[in-house]
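Observations on chain architecture
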Amino acid sequence: MTSLTGMPLASVPSPSEGVWYLGFIPIRAYALCFIVAIVFAVWLSERRWRARGGEKGAIGDIAVPGVIFGLIGARLYHVITDWQTYFGPHAIKEPYRALFIWEGGLSIWGAIALGGVGVWLACRRRGLSLHDVADTVAPSIAFGQAIARWGNWFNQELYGGPTTLPWGLEIDQAHGGEPGMLYHPTFLYESLWDAALGFGLILAGRRFTLRHGRLFALYVAGYTFGRFWIEGLRIDPVGGVDHAVTLLGLRINQWTSIVLFAGALVYLWVTRDKDTEQVVVPVSHPKASNEEGGGQASDPIGSA
C-alpha cells in the first residue's frame with residue numbers, strides 16, 4: 001500500500017548508526033551480533049554434546065580454535081572474492097583496512113572451511129570423531145548465522161532489489177540506496193531461513209538416523225539451497241563497483257552454493273548405510289569402557 005504521494009506507508013528502517021560508545025570504547029553492533037551468535041552456538045552445542053554422553057566442556061575447548069580459524073577463513077574469503085574493495089583502481093578502502101573485520105565482510109564459506117580445520121585439529125588432540133562433533137553443532141551453526149545476520153542490518157549490507165512490500169528496507173544513499181526507494185531485506189530473509197533450518201535440523205535429528213556427518217551435510221544442503229535464491233535477490237554494491245562479480249549470469253556465491261549443495265547430496269548418498277559406533281568420549285576415557293564409545297543419551301533438545 002502506498003500513500004497519495006506514492007511513498008510506501010510501511011517500511012523497515014535501517015539503523016542510523018552501528019557504533020555506540022561506552023566512554024571512549026566503541027561498541028560495534030556488527031561485532032556484538034557475532035559475539036552473541038558465537039556464545040549461543042557454543043552453549044547450544046555444549047548442551048547437545050552432553051545429552052549425547054560427551055564430556056562437559058569438550059565443545060567449549062573445541063570451539064576456541066574453531067572460532068579463531070573460522071574468523072580468519074571468513075575474512076580471507078571475503079577479501080579474495082571482494083578484492084576490488086581494497087585493491088585495484090576502483091578500491092574504496094585502503095588495503096590495510098582488509099584487517100578491519102568490524103567494518104563488515106565475514107563469509108560463512110570461509111568460516112566453515114577454515115573453522116573446520118581448527119575443529120578437526122582439536123578433535124584429533126582429544127581423540128574425538130569429527131563427524132559426531134559436526135552433527136552436534138550443525139543446528140547451532142544455523143541458529144548462530146540467524147543471529148549474526150542482524151549485524152548486516154546495522155551495516156546496511158545484504159539487501160536486494162527495489163520493492164513495494166510493507167517490509168521493504170530503507171537504505172541510506174551512502175550505502176547505495178536511493179531516496180524514496182525500498183529494498184528487499186535479504187539479510188532478514190536469510191536470518192529467518194537459517195532459524196527455520198536450525199529447527200528443521202533438530203527435528204530431523206530426532207526423527208531420522210542422521211549420524212556420521214549426515215546431519216551436517218543436511219545443514220549444508222539446506223543452507224546452500226536457501227542462500228542460492230536469496231543471493232539472487234541481492235544488488236548491494238561490492239567494492240568500488242555497483243555490482244558483485246558474476247560468472248555466466250550468477251554471482252560467485254551462487255556458484256559456491258551449487259557446488260556445496262551437490263557435494264552435500266553426494267555425501268548423504270554415499271554414507272546412507274554407514275552405522276559404525278559414535279565416538280563422543282575418547283577411547284582412553286573411563287566412561288568409554290562403560291558406554292562403548294559414548295553411547296546415546298536422551299536428548300531434550302534433539303541430538304542426532
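Residues numbered from 1 in each chain as written. Predicted model: local features only at pLDDT ≥ 70, side-chain atom pairs only at ≥ 80, totals over all residues. Heavy atoms only, no water.

- Under an unreviewed UniProt entry, the name given to the protein is Phosphatidylglycerol--prolipoprotein diacylglyceryl transferase, and the source organism is Microbispora rosea.
- The UniProt entry for the protein carries the following comment under Function (unreviewed entry): "Catalyzes the transfer of the diacylglyceryl group from phosphatidylglycerol to the sulfhydryl group of the N-terminal cysteine of a prolipoprotein, the first step in the formation of mature lipoproteins."
- Taken verbatim from the UniProt record of the protein, the Subcellular location (unreviewed entry) comment is "Cell membrane". (UniProt positions renumbered as here; feature names shortened; annotations may be inferred.)

A short note on the packing of aromatic side chains
- Summed over all chains, the structure comprises 15 aromatic pairs.
- Geometrically, the ring pair formed by Trp-20 and Phe-154 is edge-to-face, given 5.7 Å between the ring centres and 85° between the ring planes. Here Trp-20 is found in strand S1 (residues 19-22), whereas its partner Phe-154 is found in helix H5 (residues 150-154), with 134 residues between them in sequence.
- On the accessibility criterion, Trp-20 (37% relative accessible area) is partly exposed.
- Geometrically, the ring pair formed by Trp-150 and Phe-187 is edge-to-face, given 5.1 Å between the ring centres and 80° between the ring planes. In this pair, Trp-150 sits in helix H5 while Phe-187 sits in helix H6 (residues 186-207), placing the two residues 37 residues apart along the sequence.
- Since its relative accessible area comes to 32%, Trp-150 is described here as partly exposed.
- When its relative accessible area of 1% is taken as the criterion, Phe-187 is described as buried. (Phe/Tyr/Trp six-rings, centres within 6.5 Å; stacked < 30°, edge-to-face > 60°. Helix = DSSP H or I, 4+ residues; strand = E, 2+ residues; numbered from the N terminus. Buried < 20%, exposed > 50% of the residue type's maximum accessible area, 1.4 Å probe, protein only.)

Considerations on the UniProt feature "transmembrane region" (unreviewed entry) in the protein
- Taken from the UniProt record, the annotation "transmembrane region" (unreviewed entry) applies to residues 20-45, 57-80, 100-123, 215-232 and 252-270.
- Along residues 215-232, the helical share is 100% and the strand share 0%, with 26 Å between the first and last C-alpha atoms.
- The span residues 252-270 shows a helical share of 100% and a strand share of 0%, and its end C-alpha atoms are spaced 27 Å apart.

Notes on the side chain of Thr-224
- Here Thr-224 lies in helix H7 (residues 214-233).
- For Thr-224, a relative accessible area of 2% translates into the label buried.
- Non-local contacts of Thr-224, meaning those with residues more than four positions away in its chain, are made with Trp-109, Ser-257, Leu-260 and Phe-261. (Contact = heavy atoms within 4.5 Å.)

As for the pairing of S1
- Summarising the sheet, S1 and strand S2 (residues 25-28) pair through four bridges and their orientation is antiparallel. Residue Tyr-21 lies in a different strand from S2, and its bridge partner there is Pro-26.
- Hairpin geometry of S1 and S2 is characterised by an intervening segment of two residues between the two adjacent antiparallel strands and by a positive phi of about 70° at Gly-23. (Pairing = 2+ DSSP bridges.)

Here's the deal with the layout of surface pockets
- Volume-wise, the largest pocket comes out at about 1300 Å³.
- Ile-108, Ala-111, Ile-112, Gly-115 and Ile-141 are, among the 50 residues lining the largest pocket, the residues nearest its centre.
- Mapped onto the lining of the largest pocket, the elements with two or more residues apiece are helix H1 (29-51), helix H2 (58-81), helix H3 (108-126), helix H4 (130-148), H7 and helix H8 (252-270).
- Residues of the lining of the largest pocket, tallied by class, amount to 33 nonpolar, 15 polar and two charged.
- Viewed by domain, the lining of the largest pocket spans two of them, domain 1 (53-128) and domain 2 (129-275), each represented by three or more residues. (1 Å grid on protein atoms, 1.4 Å probe; cavity = no way out; pocket = protein on both sides within 12 Å on 5 of 7 lines; lining within 4 Å. Points joined across faces, edges and corners; volume = space filled by probe spheres on them. Nonpolar A, V, L, I, M, F, W, Y, C, P; charged D, E, K, R; others polar. Domains from an automatic or database assignment.)

A few points about the pattern of salt bridges
- Counted under the stated rule, the structure contains eight salt bridges.
- A salt bridge links Arg-126 to Asp-61, with the shortest nitrogen-to-oxygen separation between them at 2.9 Å. Of this pair, Arg-126 sits in helix H3 while Asp-61 is found in helix H2, placing the two residues 65 residues apart along the sequence.
- Within this structure, Arg-149, Glu-190, Arg-227, Glu-231, Arg-234 and Arg-251 form a network of salt bridges that share partners. (Salt bridge = Lys/Arg side-chain N within 4 Å of Asp/Glu carboxyl O.)

A short note on H2
- A rise of 1.5 Å per residue sets the reference length of H2, with its 24 residues, at 34 Å; its end C-alpha atoms lie 34 Å apart and thus fit the reference within 8%.
- Where H2 is buried, its residues meet H1, H3, H4 and H8. (Expected span 1.5 Å × (residues − 1).)

Considerations on the packing of H3 against H7
- As a packed pair, H3 and H7 sit with axes 13 Å apart at the nearest point and diverge in direction by 165°. Taken together, the axes of H3 and H7 lie roughly antiparallel to each other. The element H3 and its partner H7 pack so that their crossing is left-handed. Across the interface between the two elements, Ile-108, Trp-109 and Ile-112 of H3 pack against Phe-216, Tyr-219, Tyr-223, Thr-224 and Arg-227 of H7.
- Here the residues of the contact of H3 with H7 sort into six nonpolar, one polar and one charged. (Axes fitted to C-alpha atoms, helices over the stretch in contact; angles between N-to-C directions. Parallel < 35°, antiparallel > 145°, perpendicular 65-115°, else oblique. Left-handed = near helix turned anticlockwise from the far one by under 90°.)

What about H4?
- Roughly 40° is the biggest bend found in H4, and it falls at Val-137, with proline Pro-139 one to four residues downstream.
- For H4, the tally of buried residues reaches 15 of 19 residues, placing the bulk of the element in the interior.
- For H4, the capping residue at the N-terminal end is Ser-129, with a side-chain oxygen 3.3 Å from the backbone nitrogen of His-131. (Bend = angle between axes of the 7 residues up to and from the residue. Polar contact = N/O pair within 3.5 Å; in protein donor to acceptor, adjacent residues only side chain to side chain.)

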